[in-house]
Structures are given as structure tokens and as C-alpha cells.
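Structural overview
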Amino acid sequence: MPKMISRRTVLRGACGAILPLPYLNAMAEEPQQQKKPLRFVALFKPNGVHPPSWNIEGGSENSFRLSPMMAPLADHKADVLVVDNMGASGFSGHGTSVQRFLSGRLTLGKREGAASIDQLIADKIAPGTRHRSLELTTEGLFTQAPVCSYVSYNSQGRPVPRESDPQLIFDRLFRDPLVHPAQRRDMTSLLDRVDDHAKNLAKRVGKEDRRTLDQYLTAVRETEKKIESFGTAAATKTDFDSFRRPTAPANLNEQVEQMLDVIALALWTDSTRCVSYMLGNDNSRMIFDFLGVKKEHHYLSHYFRNFSRANIEDLYKICVWHTEKFAYLVKRLKAYSEGEGRLLDNTLVLFGAGMGESDAHTGQRIPTVLAGASGRLKTGRYVRHERHMELGHLHRSLLATFGVEVPREHHLAQVNPLAGLDGGAFKAYQEAPFQSSVEVAQTKVTVQGRLRFSHDLDKANQFFIDVEGEALPVRLQVPFKTFEQHNLPYYCGSPVRIVGKGERTGKEVVVTQVSELQSLVGLKPGSDPK
């Protein structure tokens, strides 16, 4: 029988050389190592989607086909959980979109006690790691609306600064001189001497100087605690010198993949257990020239008002690329072994956005996919709840998964968890029965049926209603004013009654103006089931 060894075992060589070890099965019977830590990664996708390309229509919880934009997840279908009908508001602007992703539905400017869930999770799982959390991004501050650049907020409601250079982050994680025990001892000794001198000096100075020195000593004590954590964290037992430092990226794709590589290494070495990463600011103006796209992402996301087949195809390329990067991270986490399992089994990954349909900025059917967390999530499923649910319900469930007790003053304290993530019972979506009909009286059209997007990219600026007995669906070809005023995308997929101006031309009824839109199932923007 193999002899059990300590998790802190290192290989020692000449001249004080130390070669730390990754986790080995021979360490498995140590009581403190029996339960692997659960990590959290939040991967933010900006600017919404073209719903017909993203949404799953039809299928069931255990038998479903991935949508075109989810196709990159085909090899990982068993490891992901697609969650649908997330979001209940009618509108989600870019500023509220980034807030909604990890903080739920909030009013701008009212953020006291509103730490984002990644920060609450970091508070719970960070002890024992060298870095409490990482907040990362692909681009700089969006100066026209800085709020669009942050998804993480601290307990005071202030945005947490982000980092964007994978080389600098790699160096901070794996090239820090304090990783080496001798240098930690030297620094600790120096801080001890500084601490003594400062205390002696405090006896000889005035009240204001003592206050300044007190602040200084507080900083010294925080540094000492950080150095102590280097000595206790499992991360220090890994051979960081063997890791390959990222090269200067040639384009955005290389930058993002390098960052995802660094994230995977940081989690595997237990350097941190909590990461948020923005694939772009909401309202992002990035140009994806490496994909052959020459126009800004934000411009393309408004595919209705800026309609052309070429524009919507470019938007599709960008959104598929976002999903590919999520798939890339999942693949990396599956590649690292941890004990008898994979790193992904002990990592919960949230991939998603803060808005659904990109042109009208709808706050419903927001892209949401979870991965990993074996035994906590039941993956390989498609969970679509019976009605629209604000993201706060998902957040409450994720916090419970990490054992986080929500502070009483936090806005999520009164929100119920989202059912079904662990395989338990939930109320699945079922279409309510309705009758379809169309009546044309001169230029007045009254039509009743399920409103839907066009799946034809050449007609992506049009909507349709299927009517029983009609050879062709009723087509809504309306101006942007009508599109925006009635928020047509919000009602897509549900039965409605529409009254407007139009005509019958041959076998087709065309509506060109909408004067009245009524949901047949009581769907109202902003409803939030408790």
C-alpha cells in the first residue's frame, strides 16, 4: 500500500532549491484535504444577443438541441446547465445590464449593502489563498458611461477595479518574490523592525501624527497577514517556475485565451478561488477585425435599426466567439486533474449577460449557462422555468451553493432561490393554450397568435405571427419607432393580440403600424416573482 505524504511536501535540491508539488493522490487521506475547495468564475458577455440564434425553442429538460450560438458547447454538453427564462424586466440598459449580471436588478445610485455575488462568495472561500479574488477585463474604461465597465462591486457599492493584461496578472500570481520562503522571512523581519520603530516614534509625536502612524501600522499588519497567507496557502506548493509566461498577444483572441489560461492556472494552484472576467464592457465599441468584422460591436448589436444581412452575420460571429471562449475555459478546467477528478468538478462557472435581445435591450431570456460543480449542479440539462425570473433568484441559489449567508441588509436577503439547479423539482415552462385568428377590415388588422422573431437573417428586421388556417404567417414590417415603443422583442415567444394598420396582399397579411399590443397570458415587463 502506498505511503501517504503531506500536502505540503516539496522536493529539495542543492543551494536551497525547492520544487513544490501539485496535488497527488498520495495526499488524499489527509483530513484537511478530503474536501476540495469549490471555486467560482463569472464570465460576462456584453451587448446581448440575436435571440433566434441563441434561444433554445422546443426540447425538454433532458432532451434538447443546442442553439446555433451555443454550438461551440457541443463537446461539453454533459458539463453545462442551460438556464432559460432568466430576467423579467422589459428593458435593460447597458448600465443596468452590467449590474444585473452579478448584482441583480438594482436602481442606479442606490447600492449601499449591495456587494455583487462574486465578492460575497470571495469573502466566504478566500481564506487560505494568496489572492482573495481576481477582477479581470478585456478592455479599458468606457469613459462615456463608466458604469458599463464593471460587474463587481464591494460592500460599499463601489466598483472593484479590473485588470486587463494577462502578462502582468501572470507575474503577480506566479512571479511574486514572496512565493519563495527565504524572501518571505526577510520581509517579515523587516516589517517587525519597522513596526517597533513606528511604535516608539508614536510616543514622541502629536495627535495628528499618531493618527497617520496608526494608519501606517494598520497597513503594515495587513502586509504581515498577506505574507503569512503565502506560507499557508496550497498555491505555494506548486512549481510556478515551470509555468509558461504569456507572450504579447497579437490580437484580442490571443489576449482572451491567454487570460483564460492564467485563470485556469490560478484556480488549479489555489492562488485564488474567485474570478470575474468581462469579455467586454457593456456598450462595447470593440472591433473584431481578427474575425473579419470591421464595425463596432455596439453598432452591430442594434441589428434592427442598422439592418443589413452583413451586419447581422457579423453580430452572429461575435456572439459565437463569446461562446467559444466559454467553451475554451471549460476545456482548460477539464484538462487539469485534481485528485481523482477534474478541476472543473470543483469549479462553478457562470457564463452570461445582463440583457437578452440586443437591439431593444430586453431584460428577459437573458443568456445564462452554468458549468462544472459536480455534485452541486446537475449538468447536461436545459432548465426553462415556467415564467420570467429575475437573475436575483439565480444569485441566491449560487450563494447557497457556496454556503454564503446573505447579510440582512443586502437586497438579495428577501429573494427566493431558483429551483432546479441541483436536479430538484422546478416548474417547467409550458405554453398556455390560446386561439389564433386574423381579421382585416380595410386598413385595420387585428391578429391574435404567438409573436416570434424571423429565423431568416434576410428578414431579421421583421416579426411574424403564425395563424391557424392561414397559408402564410402574418408579417409585421414596422418602423423602429414601433419596434421600440411596444418593445416587440420582449413579447416574442408568447401569444399576443395586436391591432394595427396593414393590408392583405394575396395570401399574406402585412402589418405596417401597431396601435395596440396586449399579452394573452398577462405578461408584463418588470414582473418579479418572489
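Residues numbered from 1 in each chain as written. Predicted model: local features only at pLDDT ≥ 70, side-chain atom pairs only at ≥ 80, totals over all residues. Heavy atoms only, no water.

**Quick look at the sheet that holds strand β7 (residues 274–278)**
Adjacent strands of a sheet pair through backbone hydrogen bonds, lying either parallel or antiparallel. The condition that has to hold: Any two strands are treated as partners once DSSP identifies two or more bridges connecting them. A helix here means a DSSP run of H or I that spans at least four residues, while a strand means a run of E at least two residues long, and both kinds are numbered starting from the N terminus. Lines fitted to the C-alpha atoms define the axes, with helices restricted to the stretch that makes contact. Angles between their N-to-C directions range from 0 to 180 degrees. Contacts are assigned to residue pairs with any non-hydrogen atoms lying within 4.5 Å of each other.
Read from one edge of the open sheet, 7 strands run β6-β7-β3-β10-β12-β4-β13, paired in mixed fashion. A single partner strand is all that each edge strand has here, and the edge strands are β6 (134–137) and β13 (381–389). Looking at each pair of strands side by side, their axes are set apart by 15° on average, direction ignored. Where strand β3 (residues 39–44) lies against strand β10 (residues 347–352), 6 bridges are found, and the strand directions are parallel. Across the sheet, the residue bridging to R39 is T347, located in β10. Against the sheet, helix α3 (residues 117–125) contacts β3, β6 and β7, and its axis sits at roughly 165° relative to β3.

**Describing the side chain of Q167**
What counts is decided by this rule: Residue exposure (1.4 Å probe, protein chains only): buried if accessible area is under 20% of the type maximum, exposed if over 50%, otherwise partly exposed.
Take Q167: it is sitting in helix α4 (residues 166–174). The buried category is assigned to Q167, whose relative accessible area is 17%. Sequence-distant contacts of Q167, defined by excluding residues within four places in its chain, comprise R245, P246, T247 and A248.

**Regarding the pairing of strand β16 (residues 463–466)**
Relative to β16, strand β15 (residues 444–453) is paired through 4 bridges, and the arrangement is antiparallel. In the strand pairing of β16, F453 is matched with F463. Pairing of β16 with strand β17 (residues 474–476), which is carried by 3 bridges, proceeds in the antiparallel orientation. In the strand pairing of β17, F463 is matched with L476.

**Focus: helix α2 (residues 94–103)**
Buried residues dominate α2, accounting for 9 of its 10 residues. Every buried residue of α2 is listed here: H94, G95, S97, V98, Q99, R100, F101, L102 and S103. Looking one or two residues beyond α2, the residue adopting positive phi is G104, at roughly 85°.

Purely spatial values, then, with no claim about function.
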